[in-house]
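# Structure assessment
Listed below are the residues making up each chain.
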Amino acid sequence: MKKQNLVLSLIVACLLTVGFTMTASAQDHSAKPESTVPWEYPLNIKPMLVPMSVNNPLIADISKWQGDIDWSKAGKALDLVIIRTQDGINTEDYMHKNYETNANKYNLPYGVYSFVRAGTPAQARIEARKFYSRAGKNTQFYVLDVEVKTNKNGYSMRSVIEAYENEMRKLTNKKVGLYVANHLYSSFNLKTSDFDFVWIPRYSSTAPVHKHDLWQYTSRGSVPGIKGNVDLNYLANGVKLEFFTNKLSQVSNKPAPSTKKYYLDNPKYVILKKKVNVYTKKDFNKGQKKSSYKAGKVVKIKKITKSSAGIPHLELTSGKFITASKEYVLKTSAATYTNFYTAEDRVKQIITLTDLKSYTSASYTSQSIGKFIPKYTILNVSRVAYSGKGEIRFQILNGRFITADRALVIEAPQTIENYYLEEEGNLQTVKDIYEYTDTIFGTATDKIAVPIGTNLIITGVVFNKLGYPRFQLANGNYISTKKTLFKKIPWYEQE
C-alpha cells in the first residue's frame, strides 16, 4: 500500500512539474524571442486580449517573428501597425516589405522602426540612411528603437542617437519617434525633446513613469489573423490615434489645422513674410518669448511641433520656436538660404553679371516675360519680393522683377558709377597703382607696384564679394577699375 501511495505521489508530482513547465513555457513565449531585456513583467501576468474600447484603438508592432499574417483579418482588426524595417544596418527584416504591401492593400496606416545598433555618430548617420532607404514610403512615421547600450569610442548614447535623429530629419518631413525602455530612460539620458513622440515599453498594469505618447503594455497580446503573441500598445492620456495616422490633430477637440493656413509637414526652410516672435517653448506663453525676427529673414527648420492646443509651430535648428502660419512664413529652398539675397541684406543697387530677363510678375510665368537686361547693367532696387514657391526676386524701380541669385547679380557699391564695368581694351595708368593676387585689396594680399604711364592689357572684369569690379591682367593679377586711374590708349599709339 505504501509502495502504491509512493508511486501515485511520484506520478502526481511529475504531472504537476510538466504542467508548471508547460505553463512557464507558454508565458515565456514573447512576441520578440531575440529580446533579452526584462520589461518589468509581473510573474502572474496573463496574455492580453484585443482592446475593444474606442479610447484604446488596437495598435500592434510586428517583425519577422509574427511570420505569415492573415491580413484579411488583421487588416480589419488593427487601427495602426508598426513594422520593423531592420535590426541595425546589417540585418533587414525579410518580412517588412510583405507587411507594408498588405497594410497598403487593406488601407491600414503603418509606421516603421529600426532597432538601433550604431556605436558612433558616424555609424548612426549611415544606419539612418539605410533605414530610410529600406522603409516603405507610405509610412506615417519612423521610430528609433533604443533597447541596448551600443555606444563606443568614448561617445555617449545621447550623442549617437542625436546624430541618428538629425540624419533622419534631413531625409524626411515625417514624424520621427523614440522607443526607449522605462528602466533605461534615465541612464541613457537621451534628448527626448528632439523627437515628435516617445514610445515606452512597460509590461505592467501601471503606465510608464516617464513622459510618453505611446505605451507598449504587453508582448503577449492577441490579434485576429496573427498566430501567437504580439506586442500591443496603448495611447497615453490626451493623445489621439490621428496624431500617428496624420488624419487629424493631436490633443484637441477643435477641427484639425488646415493646410491652407499652416505648414503641417516640415518645410525645411522658410522666409519670414512679416515680423515674427521667437519663443523658447512650443506653447508660446508670454514668459517664453525670446525675441523677434524681422521680415525677410530665412531660417532653417528642424521639425513641425504642436502646442498643447494642437496648433502647428516650427521648431528651428537653434531649438527656438516660431509660428507655422502661412500668413507669416513662406516655404523656400536650401539654395535660397545660402545663394540668394534676402530683405535682411537691404540691397539698394545691383549689377547684372549676365544678360537677364525681367518679368512683370514675381512668379515668372511665360505671360509675364518683359525686357532683356544686358550684362553689367546697374539697377536700383525698390524691394524684395517672393514667388509662390518661395523664390526671391528683386523688384526694380520700373516695377519689373529679376532674380536675386548671387551668381547672377551682385550688390553694387554706391560709388559704382566711378568704375569701369567692362573691358576697355588697352589702358595706360595716369597714377601709381598696385596689382594684386586677390580681388580683395588689402595689406594681407601680395601686391606689385605699377608705375604711372604703364600700358596695360586687360583680359577681363571680375567682381569681388563686396561688389567692386576688378580688371584682370594677362598675368592673372587684378587691379582697380576706377576710371580716374587710367586713360585709354588711342589705336594709333598701341604697339
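Counting of residues starts from 1 at the beginning of each chain's written sequence and follows it residue by residue. Totals for whole chains, interfaces and linings use every residue, but because this is a predicted model, local features are given only for residues with pLDDT of at least 70 and side-chain atom pairs only at 80 or more, for both listing and counting. Hydrogens are left out, water is left out, and the side-chain values use all remaining heavy atoms of the structure.

## What about the overall build of the chain?
Scanning the chain for helices and strands turns up eight helices and 30 strands. Relative accessibility under 20% of the residue-type maximum defines a buried residue, over 50% an exposed one, and the middle range a partly exposed one, all with a 1.4 Å probe and only protein chains included. Per-residue burial over the chain gives 47% buried out of 495 residues. Every accessible area reported is derived by Shrake-Rupley at a probe size of 1.4 Å, with residue values counting cover from the shown protein chains alone. Only carbon and sulfur atoms are counted for the fraction: they give 51% of the accessible area of the chain, which is about 25700 Å². For the purposes of this entry, the term helix denotes a DSSP run of H or I that reaches at least four residues, the term strand denotes a run of E that reaches at least two, and both are numbered from the N terminus.

## With respect to the side chain of T150
With respect to the helices and strands, T150 occurs in the loop between β5 (141–146) and α5 (157–171). Given the relative accessible area of 14%, T150 is considered buried. Under the rule applied, a polar contact is a pair of N or O atoms within 3.5 Å (in protein, one hydrogen donor and one hydrogen acceptor; residues adjacent in sequence only if both atoms are side-chain atoms). At a separation of 2.6 Å, a polar atom in the side chain of T150 contacts the main-chain carbonyl oxygen of A118. Among all residues touching T150, those that are not within four sequence positions of it are V116, R117, A118, G119 and M157. Only heavy atoms enter the contact rule, under which two residues are in contact if any of them lie within 4.5 Å.

## Some thoughts on the environment of G88
Topologically, G88 is positioned in the loop between β2 (80–87) and β3 (91–92). C-alpha separation for the pair G88 and A124, spaced 36 residues apart in sequence, amounts to 9.5 Å. Residues within four places of G88 in sequence aside, it is in contact with F115, R117, E127 and R134.

## Some words on the packing of aromatic side chains
To describe a pair of aromatic rings, one takes the distance between the centres and the angle between the planes. Working definition: rings of Phe, Tyr and Trp (its six-membered ring) pair if their centres are within 6.5 Å, and the pair is stacked with planes under 30 degrees apart, edge-to-face with planes over 60 apart, and tilted otherwise. Counted according to the given criterion, the structure contains 21 aromatic pairs. Summarising the aromatic geometry, the rings of F141 and F197 are spaced 5.3 Å apart at their centres and angled 85° between planes, so their arrangement reads as edge-to-face. Separated by 56 residues along the polypeptide, F141 in strand β5 and F197 in strand β7 (residues 197–201) bring together distant segments of the chain. Each of the two residues, F141 as well as F197, counts as buried. Plain terms: the ring middles of F141 and F244 are 5.6 Å apart, the flat faces sit at 65° to each other, and that makes the pair edge-to-face. With F141 in strand β5 and F244 in helix α7 (residues 241–245), this pair connects stretches of sequence that are 103 residues apart. Taken together, the ring pairs in this structure connect F141, F197, F243 and F244 into an aromatic cluster. In this structure, K297 is placed above the aromatic ring of Y293, and the distance from its NZ or CZ to the ring centre is 5.1 Å. Over a ring means this: the NZ of a Lys or the CZ of an Arg is within 6 Å of the ring centre and within 35 degrees of the ring normal.

## Overview of a positive patch on the surface
Surface patches are drawn from residues lacking salt bridges whose relative accessible area is over 30%; two like charges belong together within 9 Å, two nonpolar side chains (Val, Leu, Ile, Met, Phe, Trp, Tyr) within 5 Å. Just to be clear on terms, a salt bridge is a Lys or Arg side-chain nitrogen sitting within 4 Å of an Asp or Glu carboxyl oxygen. In this charge count, Lys and Arg are treated as positive and Asp and Glu as negative; neither His nor the chain ends contribute. One atom stands in for each charge, and that atom is NZ of Lys, CZ of Arg, CG of Asp or CD of Glu. Taken together, the side chains of K275, K289, K294, R346 and K348 make up a positively charged region of the molecular surface. For K275, the location among the structural elements is in the loop between β10 (269–272) and β11 (276–279). Take K275: its relative accessible area is 56%, and that puts it in the exposed class.

## Overview of the nonpolar core
The nonpolar side chains of a soluble globular protein tend to be buried with one another. Nonpolar core, defined: a set of buried Ala, Val, Leu, Ile, Met, Phe, Trp, Tyr and Cys residues in which side-chain atoms within 4.5 Å join the residues together. The biggest cluster of nonpolar side chains holds 47 residues, and the ones touching the most others in it are I62 and I161. Look past the residues within four positions of I62 in its chain and what remains in contact with it is I69, W71, V81, I82, I83, R84, Y99, Y113, I226 and V230. Grouped together as the second largest cluster of nonpolar side chains are 36 residues, I350, I351, Y376 and Y420 included.

## Some remarks on empty space enclosed by the protein
Space inside and on the surface of the protein is sampled on a 1 Å grid over the protein atoms alone, with a cavity defined as a set of points where a 1.4 Å probe fits but cannot get out and a pocket as an open set with protein on both sides within 12 Å along at least 5 of 7 lines; lining residues have an atom within 4 Å of a point. Grid points are joined across faces, edges and corners, and a volume is the space filled by probe spheres set on the points. Applying the stated rule across the entire model yields one cavity of 30 Å³ or more. When its volume is computed, the largest cavity comes out at roughly 40 Å³. Together, R158, I161, E162, E165, L190, K191, D194 and F195 line the largest cavity. Class assignment for the residues of the lining of the largest cavity results in three nonpolar, no polar and five charged. Residue polarity is assigned by list, with Asp, Glu, Lys and Arg as charged and Ala, Val, Leu, Ile, Met, Phe, Trp, Tyr, Cys and Pro as nonpolar; anything else, Gly included, falls into the polar class.

## Some words on helix α3 (residues 96–105)
Taken together, the buried positions of α3 are occupied by H96, Y99, E100, N102 and A103. Down the axis, α3 shows its buried residues gathered within 165° of arc, on one side only. Exposed and facing more than 90 degrees away from the buried side of α3 are K97, T101 and K105. Buried residues in α3 make contact with β1 (59–62), α2 (71–77), β2, β3, β4 (110–115) and α4 (121–134). The arc refers to the directions leading from the helix axis to the C-beta atoms.

## Some details on the pattern of salt bridges
Between side chains of opposite charge, a pair can form when the charged atoms approach closely. Taken as a whole, this structure holds 15 salt bridges when the rule is applied. Between D194 and K302 there is a salt bridge whose closest N-O contact spans 2.8 Å. Remark: K302 occurs in strand β13 (residues 298–306) and D194 occurs in the loop between α6 (185–188) and β7; sequence separation between them is 108 residues. For the pair formed by D194 and K302, the shared burial category is buried. Connected through salt bridges with shared partners, the residues E165, R169, K191, D194, D196 and K302 form a single ionic network.

## Observations concerning the side chain of R470
Structurally, R470 can be placed in strand β28 (residues 469–473). Buried and without a salt bridge, R470 has D438 as its closest oppositely charged side chain, separated by 7.7 Å. Of the polar contacts made by the side chain of R470, one reaches the backbone oxygen of T439; its length is 2.9 Å. Not counting residues up to four positions away in its chain, the partners in contact with R470 are T439, F441, G460, V461, V462, N464, Y478, I479, S480 and T481.

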